[in-house]
Amino acid sequence: MSEESAAGFILDWKFALAPFICAIIGWLTNYIAVKMLFRPKKPINLLLFKIQGIFPKRQKALAENLGKTIEKNLISHNDIQKVINDESFHQGFINIASKKVDDFINVKIATINPMIASFLSDDLKKKIRSVLMEELEAMVPEFLEKAASELESRVVFSEVVREKIEAFDSSKIEEILFAVMKSEFKFIEIIGGVLGFAIGIIQSLLFYFF
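Residues numbered from 1 in each chain as written. Predicted model: local features only at pLDDT ≥ 70, side-chain atom pairs only at ≥ 80, totals over all residues. Heavy atoms only, no water.

Caption draft 1: Spatial organisation of the nonpolar core. Membership of the largest hydrophobic core is limited to 8 residues, which are Ile84, Ile94, Val101, Ile105, Met133, Val140, Leu144 and Ala148. Residue contributions to this core peak at 4 residues, all from helix 7 (residues 122-154). (Core = buried A, V, L, I, M, F, W, Y, C linked by side-chain atoms within 4.5 Å. Buried < 20%, exposed > 50% of the residue type's maximum accessible area, 1.4 Å probe, protein only. Helix = DSSP H or I, 4+ residues; strand = E, 2+ residues; numbered from the N terminus.)

Listed below in structure tokens is the structure:
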């Protein structure tokens, strides 16, 4: 093989390898970018600047914005009010109270004072139960309304969400996001390789012909 042919062969191999090298660089760049969403967890000083993973660095801002978004668009005190004011919720509450009244009349009274229990006939028990249930059913709407008002005054959903997310360990956030978006992160890495390969082909063609 002549020197001229050998030089042409080496040059052709450089053009052929360029897309694969660019593909590796593109994949590696996106792989590092994905990892840097979460790492390093703590800031590292590099002379004039610091580097830190985006999520660890912005965790407080993320927590605050996410809390406000959830309270505004997903859940609010109005949603709680709707549940509490729903008739089926009232009925469920009354059913629980009914079981407690039955337990009180048939079991608790006998435990507290067996003599009193012995004087309670079935008819008298029914009357006592009827009176108690009537009072409870009248009290339920007012009780639930007060409970809802108390909840509204004490619980701020945006603050609850913010505090929970701020308290999350950054490793936990990484674990959750990777569990949900593992395929998307992998796609980002692959697309980096594909784009790098395409750019490598274009570069090789430009240098080869021009």
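Caption draft 2: Looking closely at the packing of helix 4 (residues 77-85) against helix 7. As a packed pair, helix 4 and helix 7 sit with axes 10 Å apart at the nearest point and diverge in direction by 165 degrees. Relative to helix 7, the element helix 4 lies roughly antiparallel. Along this stretch, helix 4 crosses helix 7, giving a crossing that reads as right-handed. Contacts from His77, Ile80, Gln81 and Ile84 in helix 4 reach Leu144, Ala148, Leu151 and Glu152 in helix 7. (Axes fitted to C-alpha atoms, helices over the stretch in contact; angles between N-to-C directions. Parallel < 35°, antiparallel > 145°, perpendicular 65-115°, else oblique. Left-handed = near helix turned anticlockwise from the far one by under 90°. Contact = heavy atoms within 4.5 Å.)

Caption draft 3: Main features of the pattern of salt bridges. Under the definition given, this model contains 9 salt bridges. Glutamate 163 is the salt-bridge partner of arginine 162, the closest N and O atoms lying 4.0 Å from each other. Across the salt bridge formed by glutamate 189 and lysine 186, the nearest N and O atoms sit 3.6 Å from each other. Of this pair, glutamate 189 and lysine 186 both sit in helix 9 (residues 170-209), 3 residues apart, roughly one helical turn. A relative accessible area of 44% means that lysine 186 is categorised as partly exposed. Overlapping salt bridges bring together Glu159, Arg162, Glu163 and Glu166 as one network. (Salt bridge = Lys/Arg side-chain N within 4 Å of Asp/Glu carboxyl O.)

Caption draft 4: Spatial organisation of the packing of aromatic side chains. Inspection of every chain in the model, using the stated rule, returns 7 aromatic pairs. Note on phenylalanine 20 and phenylalanine 197: the rings are 5.3 Å apart at their centroids and 75 degrees apart in plane angle, and the pair reads as edge-to-face. Residue phenylalanine 20 is found in helix 1 (residues 3-35), and its partner phenylalanine 197 is found in helix 9; the two are separated by 177 residues along the sequence. Relative accessible area serves as the criterion here: at 48%, phenylalanine 20 is assigned to the partly exposed category. Classification of phenylalanine 197 as partly exposed rests on a relative accessible area of 30%. (Phe/Tyr/Trp six-rings, centres within 6.5 Å; stacked < 30°, edge-to-face > 60°.)

Caption draft 5: Region of the structure containing the packing of helix 3 (residues 59-74) against helix 8 (residues 157-167). Here helix 3 crosses helix 8 at 150 degrees, and the two axes come no closer than 8 Å. By the angle between their directions, the pair helix 3 and helix 8 is classed as roughly antiparallel. Crossing of helix 3 against helix 8: the hand is right-handed. Taken together, the residues of helix 8 that come into contact with helix 3 (itself represented by Gln59, Lys60, Ala63, Glu64, Leu66, Gly67, Lys68, Ile70 and Glu71) are Phe157, Ser158, Val161, Arg162, Ile165 and Glu166. The residue inventory of the contact of helix 3 with helix 8, partitioned by class, reads 6 nonpolar, 3 polar and 6 charged. (Nonpolar A, V, L, I, M, F, W, Y, C, P; charged D, E, K, R; others polar.)

Caption draft 6: Focus on the side chain of serine 98. Inspection of the secondary structure puts serine 98 in helix 5 (residues 87-112). Assessed through its relative accessible area of 14%, serine 98 is described here as buried.

Caption draft 7: The arrangement of helix 7 in detail. Over its 33 residues, helix 7 runs 45 Å from end to end, which matches the ideal 48 Å to within 8%, given 1.5 Å per residue. Buried within helix 7 are the following residues: Met133, Val140, Leu144 and Ala148. Check the buried side of helix 7 and you find it contacts helix 4 and helix 5. (Expected span 1.5 Å × (residues − 1).)

Caption draft 8: Region of interest: the environment of methionine 133. For methionine 133, the position within the fold is in helix 7. Between the C-alpha atom of methionine 133 and that of valine 101, which follows or precedes it by 32 residues, the distance is 7.7 Å.

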